[in-house]
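Chain by chain, the residues run as shown.
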Amino acid sequence: MEYIADLLKIVLPAGLVIYGMYLTIMSFLRKEREKMLVDIKTQNTQTILPIRLQAGERLCLLLERITPNNLVRRVNDPDYSSRDLYSQLLHEVREEFNHNLSQQVYFTDETWESVRRAVESVITLINTAMQDMNNESRGIDLAKRIFQLSLEQKNDAIQQALKNVKDEIRVFF
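Read on for a plain summary of the structure. Each chain has its residues counted from 1, following the order in which its sequence is written. Restriction of local features to residues with pLDDT of at least 70 applies here, the model being predicted, together with a cutoff of 80 or more for giving and counting side-chain atom pairs; totals for whole chains, interfaces and linings are based on all residues. In computing side-chain properties, one takes all heavy atoms of the structure into account and sets aside hydrogens as well as water.

## Looking at the side chain of Ser114
Thought 1: Elements are defined by DSSP. Helices are runs of H or I of four residues or more, strands are runs of E of two residues or more, and each kind is numbered from the N terminus. Turning to its location among the elements, Ser114 is positioned in helix H4 (residues 109–131).
Thought 2: With relative accessibility at 3%, the residue Ser114 sits in the buried group.
Thought 3: Definition of a polar contact: a pair of N or O atoms within 3.5 Å, with one able to donate and the other able to accept a hydrogen when the atoms are protein atoms, and with sequence-neighbouring residues admitted only if both atoms are side-chain atoms. Polar side-chain contacts of Ser114 include one of 2.6 Å to the backbone oxygen of Thr111.
Thought 4: Here, residues are in contact when the closest pair of their heavy atoms is within 4.5 Å. Residue contacts for Ser114: discarding those within four places in its chain leaves Ala157, Ala161 and Asn164. Working definition: with a 1.4 Å probe on protein chains only, accessible area under 20% of the residue-type maximum means buried, over 50% means exposed, and in between means partly exposed.

Right, here's the structure in full:
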């Protein structure tokens, strides 16, 4: 019996010291892990934030470039027939959109969907204006019809998409 008491006198304090060391080491390792996670997040933010801002700039530029007024002014040529201008406008909108497809990874699904809707609304506007043209109409006639239809639009999908992109970028500031 005395042997067990002597053994407990040695093992019990040693066990408490080992348990205390275990708690200290685990606490230290937990704090180090949290510090490493904060460092990684900081590095990611320093890397990703400029890329996200650039993506936002590119989407804003896309939306501004496909605004009917800007689009027609940039693409229109006095020698174009309405059919020529129509195909150039559609080509330009699709090229702009395809060029910026990869930007969707930096934005929420809702924001990207609003950008996609804006592009589709411009294409629809161009198609609607072209339906009003006859075979002999000039490009200037199509341009006038596009301007007229864009003024008549009640809800501007481009402005809504721009607002969504800007709101999402403002989150970082």
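After that view of the structure, there is still more to cover.
## Overview of the packing of H4 against helix H6 (residues 157–170)
Thought 1: Note on geometry: axes are lines fitted to C-alpha atoms, helical ones only across the stretch in contact, with angles between N-to-C directions running from 0 to 180 degrees. Running from amino to carboxyl end, H4 crosses H6 at an angle of 155°, the nearest separation of the two axes being 8 Å. By the criterion of interaxial angle, the relationship of H4 to H6 is roughly antiparallel. Remark: the crossing between H4 and H6 carries left-handed chirality. Between H4 and H6, the residues in contact are Glu110, Thr111, Ser114, Val115, Arg117, Ala118, Ser121 and Val122 and Ala157, Ile158, Ala161, Asn164, Val165 and Glu168, respectively.
Thought 2: Each residue is assigned to one class: nonpolar for Ala, Val, Leu, Ile, Met, Phe, Trp, Tyr, Cys and Pro, charged for Asp, Glu, Lys and Arg, and polar for all the others, Gly among them. Residues belonging to the contact of H4 with H6 are distributed by class as follows: 7 nonpolar, 4 polar and 3 charged. Any angle from 65 to 115 degrees is called roughly perpendicular, while one under 35 is roughly parallel, one over 145 is roughly antiparallel, and all others are oblique. In this scheme, a crossing is called left-handed if the near helix is turned counterclockwise away from the far one by less than a right angle; it is called right-handed if the turn is clockwise.

## Points about the packing of helix H1 (residues 2–65) against helix H3 (residues 82–99)
Thought 1: At a closest axis distance of 10 Å, the pairing of H1 and H3 adopts a crossing angle of 175°. Taken together, the axis directions place H1 and H3 in an arrangement best described as roughly antiparallel. Between H1, through Arg58, Leu62 and Arg65, and H3, the contact on the second element is made entirely by Glu92, Glu96, Phe97 and His99.
Thought 2: Classifying every residue of the contact of H1 with H3 gives 2 nonpolar, 1 polar and 4 charged.

## Describing the environment of Ile140
Thought 1: The residue Ile140 is located in helix H5 (residues 139–152) in this model.
Thought 2: Between the C-alpha atom of Ile140 and that of Asp77, which follows or precedes it by 63 residues, the distance is 8.4 Å.

## Brief notes about the packing of aromatic side chains
Thought 1: Pairing of aromatic rings covers Phe, Tyr and the six-membered ring of Trp, with a centre-to-centre limit of 6.5 Å; geometry is then stacked below 30 degrees between planes, edge-to-face above 60, and tilted otherwise. Applying the stated rule across the entire model yields 1 aromatic pair.
Thought 2: For the ring pair Phe97 and Trp112, a centre distance of 5.6 Å and an interplane angle of 20° mean the geometry is stacked. Here Trp112 lies in helix H4 and Phe97 lies in helix H3, a separation of 15 residues in the sequence.

## Quick word on the nonpolar core
In summary, soluble globular proteins display a tendency toward joint burial of nonpolar side chains.
Thought 1: By convention a nonpolar core is built from buried Ala, Val, Leu, Ile, Met, Phe, Trp, Tyr and Cys residues, the set being connected through side-chain atoms within 4.5 Å. With 37 residues, the main nonpolar core has Leu63, Leu89, Ile126 and Leu142 as its most contacted residues.
Thought 2: Looking at this core, the elements with two or more residues in it are H1, helix H2 (68–75), H3, H4, H5 and H6.
Thought 3: Among the elements that take part in this core, H4 stands out by supplying 10 residues, more than any other.
Thought 4: In this structure, Leu142 is in contact with Ser82, Leu85, Tyr86, Leu89, Ala129, Met130 and Met133, ignoring residues within four places of it in sequence.

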